[in-house]
Amino acid sequence: MQTIQRVGVIGAGAWGTALAKHLAEKGLRTVLWAYERNVVDSIISKRENQLFLPGVALPPSLKVTNTMAEAVEDCDSLLFVVPSHVARLVLQQVAPLLSSEIPIVSATKGVEEDTFKLMTQVMQDVMPPAIHDRLMVLSGPSFAAEVSQGQPTALCLAGKDASLVESFQAAFMTSSMRVYADSDVVGVQLGGALKNVMALAAGVVDGLGLGHNTRAAMITRGLAEMVRLGTAMGADPRTFYGLSGVGDLVLTCTGALSRNHAVGVRLGKGEKLETILGGMQAVAEGVRTSRAASGLALRHGVEMPIVREVNAVLFEGKSCGKAVSDLMERVAKPEKGRA
């Protein structure tokens, strides 16, 4: 089993910073790459990422840089935590700097909007072939703020190389973080991405004041859509009943710290998407992922009515109330059917 000792964390948003803090405090040599110069300056001078993770003290052992070469130099592994819409661009900067067989863990919970590709598929487009079988994904119910506070958290780590997955399990595991191994790279990524779309829908339900019954129904039927698409794409349907599926779905659809749920609430209260996004510093991945999910559903011939209605609200000017009524008034279906 390979021992992980030196990790480059690419992406200094809230989640990337929380994971970098966790690894550094465990004793791994950890270097965090930030795109924003003010994030680097804040961490160096204040030991705090004041832009994305304010109020969280970062250990002195955590190094930070906005020079990519410094972030990957001498690392034996990379943790990739960059928003999906800039992932390919950042990966193109990373690729020429890597050794041929460095393992990479993606903790990005999104789908590339234009190509409908998962993050590991984007990585395969950009990275040398020797790295392809050494790609892994980390997902599960995990608000960055709670992880950074040392709250008990359970995640799922998936990869094709079981020995390598075991090595990274050991690297991440502490008394406050439990990591489960899996091999379903597609399913774990889809669960982490699609739950953000469902969180938008759950937020709309709450913004409209429709009550707990409605939200519970939306979450349950949202899970059914996730399972249908995942199965069509070759994922193990059981994956969606685990941490990266039900776990993350429930958290993101109900938790007060969920950015995607918060966007949905504001949409349900009548605010325009442009106004909401214009005032946000962090990324709500579900907005872009909803388009990708719609494209994947069309490509694979899968009915995803919740995804369809979310897209109609986000991009077609449909009212939230009309979207909900159209979902409720669809022709009667069996619960275990295709839609």
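About the thresholds
- Residues numbered from 1 in each chain as written.
- Predicted model: local features only at pLDDT ≥ 70, side-chain atom pairs only at ≥ 80, totals over all residues.
- Heavy atoms only, no water.
- Helix = DSSP H or I, 4+ residues; strand = E, 2+ residues; numbered from the N terminus.
- Rg over C-alpha atoms; globule rule 2.2 N^0.38 Å.
- Buried < 20%, exposed > 50% of the residue type's maximum accessible area, 1.4 Å probe, protein only.
- Pairing = 2+ DSSP bridges.
- Axes fitted to C-alpha atoms, helices over the stretch in contact; angles between N-to-C directions.
- Contact = heavy atoms within 4.5 Å.
- Parallel < 35°, antiparallel > 145°, perpendicular 65-115°, else oblique.
- Left-handed = near helix turned anticlockwise from the far one by under 90°.
- Nonpolar A, V, L, I, M, F, W, Y, C, P; charged D, E, K, R; others polar.

Visitor: Just to check I follow, could you spell out the overall build of the protein chain for this structure?
Guide: When helices and strands are counted, the protein chain shows 16 helices and eight strands. For 339 residues, the compact-globule estimate of 2.2 N^0.38 gives 20 Å, and the protein chain sits close to it at 19 Å. If you line up the protein chain on its principal axes, its C-alpha atoms span 60 × 40 × 35 Å. With 339 residues in all, the protein chain has 55% of them scored as buried.

Visitor: Which parts of the structure should I look at to understand the sheet that holds strand E5 (residues 104–106)?
Guide: Strand pairing in a sheet is mediated by backbone hydrogen bonds. Such pairs are either parallel or antiparallel. Taken together, the eight strands give an open sheet; going across it, the order is E3-E2-E1-E4-E5-E6-E7-E8, and neighbouring strands pair in mixed fashion. Looking at which strands have only one partner, the edges of the open sheet turn out to be strand E3 (63–65) and strand E8 (177–182). For this sheet the average axis-to-axis angle between neighbouring strands, irrespective of direction, equals 25 degrees. Of the strands in this sheet, strand E4 (77–80), E5 and strand E6 (135–139) touch helix H5 (residues 119–126), which is tilted by about 155 degrees from E6.

Visitor: Teacher, can you tell me more about the packing of helix H15 (residues 305–315) against helix H16 (residues 320–328) here?
Guide: Helix-helix packing: each pair is described by the crossing angle between the helix axes and the interaxial distance. Here H15 crosses H16 at 160 degrees, and the two axes come no closer than 9 Å. Judged by the angle between their axes, H15 and H16 are roughly antiparallel. Our pair here, H15 against H16, has a crossing hand that is right-handed. In this structure, H15 uses Pro-305, Ile-306, Glu-309 and Val-313 to contact H16, whose residues at the interface are Cys-320, Ala-323, Asp-326 and Leu-327. Tallied by class, residues from the contact of H15 with H16 come to six nonpolar, no polar and two charged.

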